[in-house]
Amino acid sequence: QYVYASEVYKKEFASWVDRLDIADFRFETFLPQLSLPKVLKQRGYRCVARVSMPVLNHFTLINRYFDDYKLMPRHDDFAGMLDEIDFGGDGPTFHFLNLGETHYPYMLKENDLPYVHGVHGVVRELARGQDAGGRIADTGQQPAKDFITSSAMQRLHDQQVRCVEYVDELVGALFDKAPPNTHVIVMADHGDVFGEDGFFGHGAVMHEKVFEVPYLEGRRP
C-alpha cells in the first residue's frame, strides 16, 4: 500500500478536533507561528511551562506564547513541578512539562560520572578552539578520550531504567491531581545509545536507538 505523507498529516491534525473539543479547529489557525500555546491562548487557555533542560531556557522562542514559563533550578525536579502545578481557575489550562530525570546524568552525582558536555559546553569549547571531548574534532570523527568502560555503561543504563520507574510513579501523582477531562500526551524527543556501535548518548548520532522514543496519549485514566 502506498500512502502520501500529506494524508498522514491530515488524519493526525483531524484528531486534534477531538482532543481539544473545538469543532471549527483548522490548520490555518496555526499559521504562521505554528505554535500550539498561541492557538490555545486564543481559545481561552492559560498556558504554563516548566522545563528542565537549559537548552529550553526562557531566552528561546518556545516560551513566547506561554503565560508562565520557568526553567527549574535543577534538571531532576519533576516532583517540584507537581508541587507548583495548578489545574484550578475559571478556564482551561495547558501544561508543558519538560522532565530531566531520564536524561544524563540520570539523577546521579555528576562528580561520580564521566564528564560529558551538553550543547552549551560543546559550543563553549569549540569557540576556544578546543576539542569538546566527544567524537568530533578538527580532524574529523575521532574516538573520545577515556571512553566510558563497559561496567560504567551498564551502571548508567540500569540507572536510567530506575529513573523511568521513578518518573512513572510521579506520573501517577500527576494523574491524581489532574481533572478527569485532562488529555495527556507523554513522549520523548530522543533515545540514548549505551555503547551500541561505539556510541554513547544522543544528539547528532544517526542510530536506531536514538530514534526509539515512547509515545502515549489519551484522556486521564
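Residues numbered from 1 in each chain as written. Predicted model: local features only at pLDDT ≥ 70, side-chain atom pairs only at ≥ 80, totals over all residues. Heavy atoms only, no water.

(A) Representation of the packing of aromatic side chains. This structure, assessed with the given rule, holds 12 aromatic pairs. Taken together, a centroid distance of 6.2 Å and an interplanar angle of 20° make the contact between F66 and F94 stacked. A residue pair is termed long-range when its members are at least 10 positions apart, and F66 in the loop between β1 (46-51) and β2 (68-71) and F94 in strand β3 (residues 93-97) qualify at 28 residues. As far as the burial class goes, F66 and F94 line up, both buried. Aromatic side chains Y104 and F200 sit 5.6 Å apart centroid to centroid with 75° between the ring planes, which places their arrangement in the edge-to-face category. With Y104 in the loop between β3 and α4 (119-127) and F200 in strand β8 (residues 200-201), the pair connects residues that are 96 residues apart, well separated along the chain. F200 shares its class with Y104; the two are buried. Through a chain of ring-to-ring contacts, the aromatic side chains of F13, F25, F27 and F30 assemble into a single cluster. In this structure, R19 is placed above the aromatic ring of W16, and the distance from its NZ or CZ to the ring centre is 4.4 Å. (Phe/Tyr/Trp six-rings, centres within 6.5 Å; stacked < 30°, edge-to-face > 60°. Helix = DSSP H or I, 4+ residues; strand = E, 2+ residues; numbered from the N terminus. Buried < 20%, exposed > 50% of the residue type's maximum accessible area, 1.4 Å probe, protein only. Lys NZ or Arg CZ within 6 Å of the ring centre and 35° of its normal.)

(B) Fine view of the pattern of salt bridges. By the definition in use, this model includes 11 salt bridges. For R46, the salt bridge goes to D68, with nearest N and O atoms at 3.9 Å. Residue R46 is located in strand β1, and its partner D68 is located in strand β2; the two are separated by 22 residues in the primary sequence. For R46, a relative accessible area of 41% translates into the label partly exposed. By relative accessible area, D68 is classed as partly exposed at 23%. (Salt bridge = Lys/Arg side-chain N within 4 Å of Asp/Glu carboxyl O.)

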